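Single-letter residue listing:
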Amino acid sequence: KLNALVKLDKTVGSIGTHSANFFSGIGAATAQGHYRFDKLNIAAKTVWADVRNKSDEEYRAYILRLVKLGVLDESVRAGEIKDVINDATNKDIDKLLDKDKRGTLSAIPKIVINLYSAEDNFWRIFYFENEKANYGQAFPEWDQDRLEKEAAEITRDTYFTYTKIPKGIKALRRIPLIAPFTSFTSEVVRTSFKTINLIKTELKNPRTKAIGARRLAGTIIAASGTIAAGIATAFMAGVGGDEKKDLNNLQPDFYKNDQNLYFSKAPGNYGFVNISRVDPYNYLKKPIMAFLNNDDWETAILESTLELA
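What comes next is a walk through the structure. Here the residue numbering is sequential within each chain, running from 1 through the sequence in written order. A pLDDT threshold of at least 70 governs which residues receive local features in this predicted model, and a stricter bar of 80 or more applies before side-chain atom pairs are shown or counted, although totals over entire chains, interfaces and linings include all residues. Water and hydrogen atoms play no part in the side-chain values, which are based on all heavy atoms of the structure.

Stacked, tilted and edge-to-face are the three classes assigned to paired rings of Phe, Tyr and Trp, where Trp is represented by its six-membered ring and a pair needs centres within 6.5 Å; plane angles under 30 degrees give stacked, over 60 edge-to-face, the rest tilted. Taken as a whole, this structure holds ten aromatic pairs when the rule is applied. Taking 5.8 Å as the distance between ring centres and 85 degrees as the angle between the ring planes, the aromatic pair formed by W123 and F126 counts as edge-to-face. Here W123 and its partner F126 are both found in helix α7 (residues 104-138), three residues apart, which amounts to about one turn of the helix. F126 shares its class with W123; the two are buried. Each helix is a run of DSSP H or I of at least 4 residues and each strand a run of E of at least 2, with the numbering of both proceeding from the N terminus. To sort residues, take the accessible area from a 1.4 Å probe on protein chains only and compare it with the maximum for the residue type: under 20% means buried, over 50% means exposed, and anything in between is partly exposed.

Have a look at this one:
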């Protein structure tokens, strides 16, 4: 119970965790080559209708369909928070919240869980609609049911999905020495492998070759984008190797191989913003960056392994 309460305190009330939860979706969407930005409007309207419990039959039917397909309400962070609360209360949090709809017991946990779910569902809808549009263009003869099932399966395979996590990985949340959201980092590994396999499959099929090429390009951009942004902003701000090293020394040790955006406040006065906090693939990049920085990359591999455990 103490372990659960400490982890809830460090996650539930953290604005940084919420921002990382939402903005990490940008990197994940980029990795899949999702460029149909008009789908953002669909995602925003659907999530807003869901949050408000709007009695719009069109949105209601759409949301229920996505839930049935396993696209929505699969947030890794929201799922782990539910399990942590279950650990602390020894009760099923879903049943507990349902029974206490108007009580104070349900207020804070329900708001937080719904917030994490909404942040995640936004990107899930965007993912799903992009895949549906891509495969609908490649296979115009498919009916709506088959198209939606294919799009849902790809979404579940390539986007962080709580029910895809093995029970053993989920159980690690009970260990006090392991940080919260180990389930999320394990999903980074699973979805990365799934994405690579999907790209190989798509490139072999003439009808999906263009989809695979976009996904491959997106994966390359997601893998190198933060690094390129760090180099570009350092150049524009006039931050050289020595300045960069000095600025990096101001960060905690566990951030030292992260990527930063640099800016110049005045001649000789520099600042930076850590962008690896919102990069879902940073766990995989850390050992590489440690090697390139002539740092202890063996330790970086060990640290990433522990985080991915």
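So that's the structure; there's more coming.
The next point concerns the packing of helix α2 (residues 15-31) against helix α11 (residues 209-237). Note on method: axes are straight lines fitted to C-alpha atoms, helices fitted across the in-contact stretch only, with angles between N-to-C directions ranging 0 to 180 degrees. At a closest axis distance of 6 Å, the pairing of α2 and α11 adopts a crossing angle of 140 degrees. Considering their axes alone, α2 and α11 lie oblique with respect to each other. Here G27, T30 and A31 of α2 lie close against α11, whose contacting residues are R215, G218, T219, I221 and A222. Side-chain classes are defined by residue name, with Ala, Val, Leu, Ile, Met, Phe, Trp, Tyr, Cys and Pro counting as nonpolar, Asp, Glu, Lys and Arg as charged, and the others, Gly among them, as polar. When the residues that make up the contact of α2 with α11 are grouped by side-chain class, the tally is three nonpolar, four polar and one charged. Every angle not falling under 35 degrees, over 145, or within 65 to 115 is termed oblique; those three ranges are roughly parallel, roughly antiparallel and roughly perpendicular. Only heavy atoms enter the contact rule, under which two residues are in contact if any of them lie within 4.5 Å.

A word on α2. Multiplying one less than the number of residues by 1.5 Å gives the expected span of a helix. End to end, α2 covers 25 Å across 17 residues, agreeing with the expected 24 Å (1.5 Å per residue, within 8%). Residues T17, H18, A20, N21, S24, G25, G27, A28, A29 and A31 constitute the buried set of α2. G33 lies just past α2 and shows a positive phi near 70 degrees.

Our focus in this paragraph is the environment of L115. Inspection of the secondary structure assignment puts L115 in helix α7. The exposure class assigned to L115 is partly exposed, which follows from its relative accessible area of 39%. In this structure the C-alpha to C-alpha distance between L115 and V51, which are 64 residues apart in sequence, comes to 8.6 Å.

Our focus in this paragraph is the nonpolar core. Grouped burial of nonpolar side chains is what soluble globular proteins tend to show. One finds L66, V71, I125, F128, F160 and Y281 to be the most contacted residues of the largest nonpolar core, which totals 26 residues. Among the elements that make up this core, the one with the highest residue count is α7 (seven residues). In this structure I125 touches I42, A43, T46, V47, Y62, L66 and L72, once residues within four positions along its chain are discounted. Residues enter a nonpolar core if they are buried and are Ala, Val, Leu, Ile, Met, Phe, Trp, Tyr or Cys, with the set joined through side-chain atoms within 4.5 Å. The next biggest cluster of nonpolar side chains, apart from the first, holds eight residues, and it includes Y135, A138, L147 and L198.

Before going further, it helps to spend a moment on the pattern of salt bridges. A pair is scored as a salt bridge if a Lys or Arg side-chain nitrogen falls within 4 Å of a carboxyl oxygen belonging to Asp or Glu. Scanning the entire structure with this criterion turns up twelve salt bridges. A salt bridge links E148 to R65, with the shortest nitrogen-to-oxygen separation between them at 2.7 Å. Residue E148 is found in helix α8 (residues 144-158), and its partner R65 is found in helix α4 (residues 57-68); the two are separated by 83 residues along the sequence. A relative accessible area of 11% means that E148 is categorised as buried.

Interpretation in functional terms is not warranted from these geometric data alone.
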